[in-house]
Amino acid sequence: MNILGGLHKFVSSLSSFEGKPVYIDYLSNIKDSYSIERAGEPRVTKRYTDGGKLMEYDFSISSRNIYPDGFEEISGFFEELTAEIKGCSDKNILPDIGADATAVEIKILSDGVRKTNDFNTSRYSVSFTLVYYVN
(Lines give C-alpha, C1' and ligand atoms only; values in the text may rest on other atoms or scores of the structure.)
Protein backbone atom coordinates (compact mmCIF):
# COMPACT_ATOMS: atom_id res chain seq x y z
CA MET A 1 0.00 0.00 0.00
CA ASN A 2 1.29 3.48 -0.77
CA ILE A 3 1.19 6.41 1.64
CA LEU A 4 -1.74 8.25 0.07
CA GLY A 5 -3.73 5.01 -0.16
CA GLY A 6 -3.01 4.24 3.50
CA LEU A 7 -4.03 7.76 4.52
CA HIS A 8 -7.22 7.43 2.46
CA LYS A 9 -8.16 4.17 4.18
CA PHE A 10 -7.39 5.69 7.61
CA VAL A 11 -9.30 8.94 6.99
CA SER A 12 -12.28 7.11 5.47
CA SER A 13 -12.58 5.02 8.64
CA LEU A 14 -12.87 8.05 10.95
CA SER A 15 -16.27 8.68 12.54
CA SER A 16 -16.19 12.22 11.09
CA PHE A 17 -16.61 10.67 7.62
CA GLU A 18 -19.24 8.07 8.47
CA GLY A 19 -21.57 7.84 5.47
CA LYS A 20 -19.55 10.41 3.49
CA PRO A 21 -17.45 9.50 0.46
CA VAL A 22 -13.79 10.52 0.54
CA TYR A 23 -11.90 10.64 -2.76
CA ILE A 24 -8.19 10.74 -3.54
CA ASP A 25 -7.02 13.87 -5.40
CA TYR A 26 -10.53 14.58 -6.66
CA LEU A 27 -12.97 17.13 -5.31
CA SER A 28 -16.22 17.19 -7.25
CA ASN A 29 -18.47 20.21 -7.60
CA ILE A 30 -21.31 18.59 -5.70
CA LYS A 31 -22.26 19.55 -2.15
CA ASP A 32 -20.45 17.78 0.68
CA SER A 33 -17.68 16.35 -1.46
CA TYR A 34 -14.42 15.38 0.35
CA SER A 35 -10.92 14.66 -0.92
CA ILE A 36 -7.56 13.72 0.55
CA GLU A 37 -4.72 15.31 -1.42
CA ARG A 38 -0.94 15.22 -1.41
CA ALA A 39 0.61 18.60 -0.65
CA GLY A 40 4.21 18.45 -1.80
CA GLU A 41 6.84 15.75 -1.92
CA PRO A 42 7.91 13.53 0.99
CA ARG A 43 11.03 14.81 2.72
CA VAL A 44 13.70 13.24 4.91
CA THR A 45 13.99 14.91 8.33
CA LYS A 46 16.49 12.54 9.95
CA ARG A 47 18.84 9.76 8.82
CA TYR A 48 19.91 6.91 11.10
CA THR A 49 23.16 4.94 11.02
CA ASP A 50 21.24 1.71 10.33
CA GLY A 51 19.96 3.22 7.05
CA GLY A 52 16.52 4.09 8.38
CA LYS A 53 15.00 7.52 7.81
CA LEU A 54 12.42 9.67 9.54
CA MET A 55 10.30 11.34 6.88
CA GLU A 56 7.41 13.78 6.55
CA TYR A 57 4.53 13.76 4.07
CA ASP A 58 2.21 16.76 3.85
CA PHE A 59 -1.42 16.21 2.91
CA SER A 60 -4.70 18.04 3.11
CA ILE A 61 -8.34 17.11 3.47
CA SER A 62 -10.62 19.33 1.42
CA SER A 63 -14.36 19.73 1.06
CA ARG A 64 -16.79 21.38 -1.31
CA ASN A 65 -19.82 22.94 0.37
CA ILE A 66 -22.70 25.24 -0.48
CA TYR A 67 -21.69 28.89 0.01
CA PRO A 68 -22.45 30.81 2.18
CA ASP A 69 -24.90 28.37 3.83
CA GLY A 70 -23.42 26.05 6.39
CA PHE A 71 -20.25 27.99 7.26
CA GLU A 72 -20.69 27.27 10.97
CA GLU A 73 -21.49 23.63 10.25
CA ILE A 74 -18.41 23.04 8.08
CA SER A 75 -16.26 24.98 10.54
CA GLY A 76 -17.50 22.67 13.30
CA PHE A 77 -16.89 19.64 11.10
CA PHE A 78 -13.22 20.58 10.61
CA GLU A 79 -12.80 21.26 14.34
CA GLU A 80 -14.18 17.79 15.11
CA LEU A 81 -12.06 16.21 12.36
CA THR A 82 -8.80 17.74 13.58
CA ALA A 83 -9.64 16.75 17.18
CA GLU A 84 -10.39 13.18 16.05
CA ILE A 85 -7.14 12.92 14.08
CA LYS A 86 -5.14 14.41 16.97
CA GLY A 87 -6.77 11.93 19.35
CA CYS A 88 -5.89 9.02 17.07
CA SER A 89 -2.30 10.22 16.75
CA ASP A 90 -1.99 10.68 20.53
CA LYS A 91 -3.24 7.09 21.04
CA ASN A 92 -0.91 5.80 18.31
CA ILE A 93 -3.85 4.83 16.08
CA LEU A 94 -2.20 5.62 12.77
CA PRO A 95 -2.52 4.61 9.12
CA ASP A 96 -0.96 1.48 7.66
CA ILE A 97 1.33 2.93 4.98
CA GLY A 98 3.12 -0.17 3.76
CA ALA A 99 5.54 -2.92 4.70
CA ASP A 100 8.67 -0.75 4.70
CA ALA A 101 7.22 2.26 6.51
CA THR A 102 5.70 2.90 9.92
CA ALA A 103 3.56 5.92 10.75
CA VAL A 104 4.79 7.73 13.87
CA GLU A 105 2.55 10.79 14.21
CA ILE A 106 0.12 13.06 12.40
CA LYS A 107 0.67 16.78 12.98
CA ILE A 108 -2.04 19.37 12.35
CA LEU A 109 -0.69 22.27 10.28
CA SER A 110 -3.85 24.33 9.79
CA ASP A 111 -7.50 24.27 10.69
CA GLY A 112 -10.40 24.46 8.24
CA VAL A 113 -9.71 27.41 5.98
CA ARG A 114 -11.92 28.57 3.12
CA LYS A 115 -9.72 28.46 0.05
CA THR A 116 -11.94 29.46 -2.87
CA ASN A 117 -15.48 30.45 -3.73
CA ASP A 118 -17.41 30.23 -6.94
CA PHE A 119 -21.03 31.25 -7.50
CA ASN A 120 -22.57 28.79 -5.07
CA THR A 121 -19.87 26.63 -3.48
CA SER A 122 -16.77 27.08 -1.33
CA ARG A 123 -13.72 24.88 -1.01
CA TYR A 124 -12.41 24.36 2.52
CA SER A 125 -9.18 22.64 3.48
CA VAL A 126 -7.21 21.51 6.52
CA SER A 127 -3.51 20.59 6.33
CA PHE A 128 -1.55 17.84 8.08
CA THR A 129 1.90 16.25 8.13
CA LEU A 130 2.35 12.52 8.49
CA VAL A 131 5.64 11.68 10.23
CA TYR A 132 6.84 8.17 9.41
CA TYR A 133 9.85 5.91 9.66
CA VAL A 134 11.26 4.04 6.65
CA ASN A 135 13.43 0.93 7.17
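Refer to the preceding data block for the structure.
Residues numbered from 1 in each chain as written. Predicted model: local features only at pLDDT ≥ 70, side-chain atom pairs only at ≥ 80, totals over all residues. Heavy atoms only, no water.

Colleague: Explain the overall build of the protein chain to me, please; I cannot follow it from the model alone.
Modeller: From N to C terminus, the protein chain includes two helices and seven strands. Going residue by residue from the N terminus, the α and β elements of the protein chain occur as α-β-β-β-β-α-β-β-β. Residue burial in the protein chain is summarised as follows: out of 135 residues, 45% are buried. If you take every contact in the protein chain between residues at least 6 apart in sequence, the share linking residues at least 24 apart comes to 62%. As displayed, the protein chain offers around 7,500 Å² of accessible surface, 49% of which is attributable to carbon and sulfur atoms. (Helix = DSSP H or I, 4+ residues; strand = E, 2+ residues; numbered from the N terminus. Buried < 20%, exposed > 50% of the residue type's maximum accessible area, 1.4 Å probe, protein only. Contact = heavy atoms within 4.5 Å. Areas by Shrake-Rupley, 256 points an atom, 1.4 Å probe, with all protein chains shown as cover.)

Colleague: Explain the packing of aromatic side chains to me, please; I cannot follow it from the model alone.
Modeller: The description of an aromatic ring pair rests on the distance of the ring centres and on the angle between the ring planes. Counted by the stated rule, this structure contains seven aromatic pairs. The interplanar angle of 80° and the centroid separation of 5.2 Å between the aromatic rings of Phe 17 and Tyr 34 together place this pair among those described as edge-to-face. Taken together, the positions of Phe 17 in the loop between helix H1 (3–12) and strand E1 (22–24) and Tyr 34 in strand E2 (residues 33–38) put the pair 17 residues apart, joining distant regions of the chain. Of the two residues, Phe 17 and Tyr 34, neither departs from the other in class, the shared state being buried. Considering the side-chain rings of Phe 77 and Phe 78, the 5.4 Å spacing of their centres and the 70° angle between planes classify their relative orientation as edge-to-face. Phe 77 gets classed as buried once you look at its relative accessible area, which sits at 8%. (Phe/Tyr/Trp six-rings, centres within 6.5 Å; stacked < 30°, edge-to-face > 60°.)

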